Amino acid sequence: MVIGSGVAGALCAWKLAEAGRRVLMIEAGPPVDRLQAAARFARSEKAHDTYPAGPDQPRFQQPDQYFEQRGKEPFTAVYEKVVGGTTWHWLATTLRFLPSDMRLKSLYGVGQDWPVTVEDLEPYYGEAERELGVAGAAMPWLPATYLDKQVALAARKFGYRVEVLPAARNSIAYDGRPACRGSATCFPICPIGAKYDASVHVDKAARAGVALWSESPVTRLLVADGKVVGLECRRGGEVVQVRAPLFILAANAIESPRLLLHSGLPNPWTGRYLMGMAGQVSRALAARPVWPFRSPQVVSGITQFRDGAFRKRRAGFVVSIGNDGWPDGAPPEIARQLVERGFKGKELQAAVREHVSRQLLLVSNCEELPRADNRVSLSDQLDGLGMPRPRLHFALSRYTLDGIDESVLVHARIFQEMGASHVLHYEQSDDPAHLAGTCRMGEPGQSVVDAHLRSHDWPNLYVVGSAVFPTAGTAPPTLTVAALALRCAEMLAKTRSS
Ligand SMILES: Cc1cc2nc3c(=O)[nH]c(=O)nc-3n(C[C@H](O)[C@H](O)[C@H](O)COP(=O)(O)OP(=O)(O)OC[C@H]3O[C@@H](n4cnc5c(N)ncnc54)[C@H](O)[C@@H]3O)c2cc1C
Ligand code: SF4
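Quick caveat, the model's predicted, so the values are computed rather than measured.

1. Considering the sheet that holds strand β3 (residues 68–69)
Working definition: the strands of a sheet are paired by backbone hydrogen bonds and lie parallel or antiparallel to each other. Taking strand neighbours across the sheet as the criterion, the three strands line up as β3-β15-β14 in an open arrangement whose pairing is mixed. Every interior strand has two partners, whereas the edge strands, β3 and β14 (375–382), have only one. Taken together, the five bridges between β14 and strand β15 (residues 388–393) define a ladder with antiparallel strand orientation. The partner of Arg 375 across the bridge, within β15, is His 393. Its contacts with the sheet put helix α7 (residues 255–262) on β14 and β15, and the angle it makes with β14 is roughly 65°.

In structure tokens form, the structure reads like this:
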């Protein structure tokens, strides 16, 4: 039984079914019709209205709408509750973790070591890259854009190397999906499926025999005799109980601990060590046109700040070069501002073009350290199903804030070298996209699951997804989520009946 049909759940379900196991995958949300979703995006003012969203999920820039925020800072997570999960909405940057990302404690005396190494994951990283279709690993690299090349010229002055980042986005036709056409809408949706989303493996799983129950939120795991024996979910307005010998929880780093806590499965570490990747967004106006909006939103970046002795005292980070202009400067908004200043007709057209073509954006994602006080617990407020909503405690650490300060210096140097004006470094925050921690892997008594993602307390329960990460690392999480899921499914296919 697999709970959640995001990339973690779908890969497990598919791989187990391919090995001949009977699998039921239960998903809270509805299926997505790609064309309808793309049309909704085209009609909507907000990118985040693209998917069918129920009341019981977080909404972008409304961190209090679903979560109860109790920390020093709001934890502004967003994720989708649909068949295929959040990869519908992701940007698809797929860097591997560095060996040091999993050995922070032994190398730098901070954070925590993982009970697995990058070397252990090597074959599964390769499999994940082939399954997701990573350009730069499973197929040729995507080409750097004109804008990327202008940034690279400026960055070179400081010894910064701009490189194309690996991405689960087709540079050629691959796995029955077309090559990227550069329409710059990957976030929130690729209208043609050139960007990977987990509907790919939901469909493959269905073809391999997996039964899928969509719109069936699981509300409780049922335990007896030291094992999970079944679950309770809502299906067509009814409460339904299902029994199974094995359970794989793949509901993401907020919903998985919420379900465990609500089911009364006691482990003192469940919900603790919530992490994201702090984000520093900076924008400026280049001296000359750099022509954004002609490619995926991010193609290239700078990775050399991920690792070094500095990690004893501050966070590592990756700089991404945005090809999608300013967050607060979409062409209609710029046109509105210019109209207010008296521009009209051809003069207005030329001024919009001039402004938009010069928009520069740099975004750094900074690692966060695990802290027991940053956590998911249960709110007294209930959701529409009568389940406690997630209560979040969160604060950024000095370690992360110092990493962010360093990233501001890098952004500022590049902007200056490009002769840019209108520089704005937005206030730093956690990045709503990347979640980790909350069901960490490690030794019994210090964690929730072991190195094979098996619960220390309930031997037939496995947790897959970034919830199991002991540290957040310096790469976005999903390729590592996929590698761990494939490794777990391979082990289960060899050793257990499911
Ligand atoms: C805007 C954005 C950009 C991103 N960009 C990147 C990127 O460039 N690179 C990267 O690596 N990552 C990125 N991410 C993160 C990435 O999307 C996630 O890491 C990934 O989708 C997590 O997959 P998952 O399967 O673990 O969880 P999810 O995709 O969240 O799937 C969990 C599934 O479980 C279901 N579920 C939850 N609770 C229940 C329940 N009680 N019963 C039944 N089903 C349930 C949910 O409906 C959902 O379908 C981005 C995320 C966002 C939002
Ligand atoms: S740029 Fe367009 S075609 Fe390419 S992956 Fe993004 S949305 Fe899809």
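Next comes the rest of the account.
2. Structural notes on helix α9 (residues 345–356)
The terminal C-alpha atoms of α9, which comprises twelve residues, lie 17 Å apart, in line with the 16 Å expected from a rise of 1.5 Å per residue. By the burial criterion, the buried members of α9 are Leu 348, Ala 351, Val 352, His 355 and Val 356. Seen from one end, α9 has its buried residues packed into an arc of 120°, which puts them on one side. What points out from α9, more than 90 degrees from its buried face, is the exposed set Lys 346, Glu 347, Gln 349 and Arg 353. On the buried face of α9, the contacting elements are β10 (278–285), α8 (331–340) and β13 (359–366).

3. Let's talk about unusual backbone geometry
Put simply, Phe 187 and Pro 188 share a cis peptide bond, and its omega is 25°. Relative to the helices and strands, Pro 188 resides in the loop between β4 (163–164) and α6 (199–207). The backbone phi angle of Ala 184 is positive, close to 60°, even though this residue is not glycine. Counting through the fold element by element, Ala 184 comes out in the loop between β4 and α6. Ala 184 gets classed as buried once you look at its relative accessible area, which sits at 15%.

Parameters at a glance
- Residues numbered from 1 in each chain as written.
- Chains lettered and ligands numbered in written order.
- Predicted model: local features only at pLDDT ≥ 70, side-chain atom pairs only at ≥ 80, totals over all residues.
- Heavy atoms only, no water.
- Pairing = 2+ DSSP bridges.
- Helix = DSSP H or I, 4+ residues; strand = E, 2+ residues; numbered from the N terminus.
- Contact = heavy atoms within 4.5 Å.
- Axes fitted to C-alpha atoms, helices over the stretch in contact; angles between N-to-C directions.
- Expected span 1.5 Å × (residues − 1).
- Buried < 20%, exposed > 50% of the residue type's maximum accessible area, 1.4 Å probe, protein only.
- Arc of directions from axis to C-beta.

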